[in-house]
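Structure at a glance
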Amino acid sequence: MSHPNLFAFLLFSTLLLSACGADNSDVELTENQKAAVAERIAPAGHVLMEGQSVTTTEVVTTVSARSGDDIYNTNCMACHNSGIAGAPKYGDISAWALKLEKGIDAVYANAINGIRGMPARGTCMSCSDDEVKSAIDYILANSK
Ligand code: HEC
């Protein structure tokens, strides 16, 4: 057996023994062990050795806004496709023209804040103002 293999074997048996050695299946880790585990599973790049240069990998999170089409089909169509509770129907040109008489900003605000049977944000609490607006733009683009 060559040395690297022997080493691997020993390491493996040690792990195996320590895993089986605990007769308690819920292994309680000490604070030190937890810290050691946290350090081991920490993303590479977080541990800096002395003399090492700092290289940062920028994590770019792009939370792209969902499209008006997506928002509409997920959150609004249940009421606006069929006109439930007097909701102006998707595609109903005259119903939307009537709403727009008070100006687009008022229409946006009513949808965001809610009005009568229209729940605030159409109940989409995760929708940003812009997402609600884009859903309205989507309805309007298809209702004129
Ligand atoms: C639970 C049913 C329901 C859902 C879901 C719903 N709406 Fe409505 N919506 C209504 C009703 C009812 C009205 C009419 C309210 C009134 O004027 O009495 C309305 C009205 C509106 C209006 C007109 C506001 C105005 O100025 O009078 C807009 C714009 C609108 N909804 C957009 C949306 C958008 C965008 C969504 C999805 C994010 C949505 N709605 C989801 C029921 C709903």
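Residues numbered from 1 in each chain as written. Predicted model: local features only at pLDDT ≥ 70, side-chain atom pairs only at ≥ 80, totals over all residues. Heavy atoms only, no water.

**Section: the pattern of salt bridges**
Evaluation of the coordinates by the stated rule reveals two salt bridges. Note that R66 is salt-bridged to E131, the shortest N-O span being 2.9 Å. Of the two residues, R66 sits in the loop between helix 2 (31-41) and helix 3 (68-80) while E131 sits in helix 6 (residues 129-141), which places them 65 residues apart along the sequence. For R66, a relative accessible area of 34% corresponds to the partly exposed category. Where R121 meets D129, a salt bridge forms, and the shortest distance between an N and an O atom there is 2.8 Å. (Salt bridge = Lys/Arg side-chain N within 4 Å of Asp/Glu carboxyl O. Helix = DSSP H or I, 4+ residues; strand = E, 2+ residues; numbered from the N terminus. Buried < 20%, exposed > 50% of the residue type's maximum accessible area, 1.4 Å probe, protein only.)

**So, the coordination of the iron atom of the ligand**
Only H80 (NE2) and M118 (SD) from the protein coordinate the iron atom of the ligand, and they sit 2.0 to 2.1 Å from it. The site at the iron atom of the ligand holds six donor atoms, and with the angles between them running 88 to 180°, its shape is octahedral. On the criterion of sequence distance, the pair formed by H80 in helix 3 and M118 in the loop between helix 5 (104-113) and helix 6 is long-range, its members being 38 residues apart. Overall, the relative accessible area of 22% leaves M118 in the partly exposed class. (Donors = N, O, S within 2.8 Å, 3.2 Å for Na, K, Ca; no water. Tetrahedral: all angles 85-135°; square planar, octahedral: opposite > 155°, others 65-115°.)

**Points about the site of the ligand**
Looking at the ligand, there are 24 residues lining it, with C76, C79, H80, N110 and M118 nearest. Contact between the ligand and K102: an oxygen atom at 3.0 Å from a side-chain N or O atom of the residue. R116 has a polar side-chain atom sitting 2.9 Å from an oxygen atom of the ligand. In terms of residues, the shell around the ligand owes the most to one element, helix 3, which gives four residues. (Near = heavy atom within 4 Å. Polar contact = N/O pair within 3.5 Å; in protein donor to acceptor, adjacent residues only side chain to side chain.)

All we've got here are geometric facts, nothing functional implied.
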